[in-house]
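# Structural characterization, general
Below, each chain spelled out in residue letters.
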Amino acid sequence: ERDQKGGYDPIAFNNDFERIIKGLDEGYVRDAAEIIHKRISPDDLEPLRRLQQRGCHLAVISCGSDLLIKEFLKLEKVEAELIVAKEIMIKDGKIDGI
């Protein structure tokens, strides 16, 4: 709600995001990717697969997290050479920070 009202600067958002996810098992990222993957029609990602088959190099720019994007693309069997997103650090199988 604060973000939609323009009262959430990027630093505050990242601090809150990190506080919420810190300590979670990294398996939660895979679970979230599977939930998102089930909600998207295979037809929606067909253009990405066609580009990849033609030898194009894909890049993803997102406000999301790198691990979520990587897990989602793995489920879809699509590769991206470059992912620009929040980097989530893992330590001992737990999310340690962004």
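Shown above is the structure to which this text applies.
Structural notes, computed from the coordinates. All values derive from a computational prediction rather than experimental measurement. (Residues numbered from 1 in each chain as written. Predicted model: local features only at pLDDT ≥ 70, side-chain atom pairs only at ≥ 80, totals over all residues. Heavy atoms only, no water.)

### Regarding the pairing of strand β4 (residues 94-97)
When strand β3 (residues 89-91) meets β4, the two strands line up antiparallel, connected through 3 bridges. What sits directly across from I90, in β4, is I95. Hairpin remark: β3 followed by β4, antiparallel, with 2 residues in the connecting loop; positive phi at D92, about 55°. (Pairing = 2+ DSSP bridges. Helix = DSSP H or I, 4+ residues; strand = E, 2+ residues; numbered from the N terminus.)

### Some remarks on the pattern of salt bridges
This structure, assessed with the given rule, holds 5 salt bridges. Among the ionic pairs, R49 bridges to E46, the shortest N-O distance being 3.0 Å. Of this pair, R49 and E46 both sit in helix α3 (residues 46-53), 3 residues apart, roughly one helical turn. When its relative accessible area of 18% is taken as the criterion, R49 is described as buried. K74 is the partner of E71 in a salt bridge, and the nearest nitrogen-oxygen pair spans 3.4 Å. Remark: K74 and E71 occur in helix α4 (residues 66-76); sequence separation between them is 3 residues, near one turn of the helix. Connected through salt bridges with shared partners, the residues E46, R49 and E76 form a single ionic network. (Salt bridge = Lys/Arg side-chain N within 4 Å of Asp/Glu carboxyl O. Buried < 20%, exposed > 50% of the residue type's maximum accessible area, 1.4 Å probe, protein only.)

### Side note on a nonpolar patch on the surface
On the surface, I61, L82 and V84 cluster together to form a nonpolar patch covering roughly 310 Å² of accessible area. Residue position: I61 is located in strand β1 (residues 59-65). What makes I61 exposed here is its relative accessible area of 75%. (Patch = residues over 30% accessible without salt bridge, like charges linked within 9 Å, V, L, I, M, F, W, Y side chains within 5 Å. Areas by Shrake-Rupley, 256 points an atom, 1.4 Å probe, with all protein chains shown as cover.)

### Focus: the environment of N14
Its location among the elements puts N14 in helix α1 (residues 10-21). Judged by its relative accessible area of 28%, N14 falls in the partly exposed class. Note: C-alpha distance between N14 and E1 (13 residues apart in sequence) is 15 Å. Excluding its chain neighbours within four sequence positions, the residues that come into contact with N14 are K86 and I98. (Contact = heavy atoms within 4.5 Å.)

### Overview of the packing of helix α2 (residues 27-38) against α4
Where α2 contacts α4, the axes come no closer than 9 Å and their chain directions differ by 55°. Considering their axes alone, α2 and α4 lie oblique with respect to each other. The handedness of the crossing between α2 and α4 is right-handed. From α2, V29, R30, A32, A33, E34, I36 and H37 reach across to α4, where they touch L67, L68, E71, F72, L75 and E76. (Axes fitted to C-alpha atoms, helices over the stretch in contact; angles between N-to-C directions. Parallel < 35°, antiparallel > 145°, perpendicular 65-115°, else oblique. Left-handed = near helix turned anticlockwise from the far one by under 90°.)

### Describing α2
Here α2 contains 12 residues, and its C-alpha end-to-end distance of 17 Å stays within 8% of the 16 Å for a straight helix at 1.5 Å per residue. Among the residues of α2, G27, V29 and A33 are the ones counted as buried. Buried residues of α2 fall within an arc of 155° about the axis and therefore sit on the same side. Where α2 is buried, its residues contact α4 and β4. (Expected span 1.5 Å × (residues − 1). Arc of directions from axis to C-beta.)

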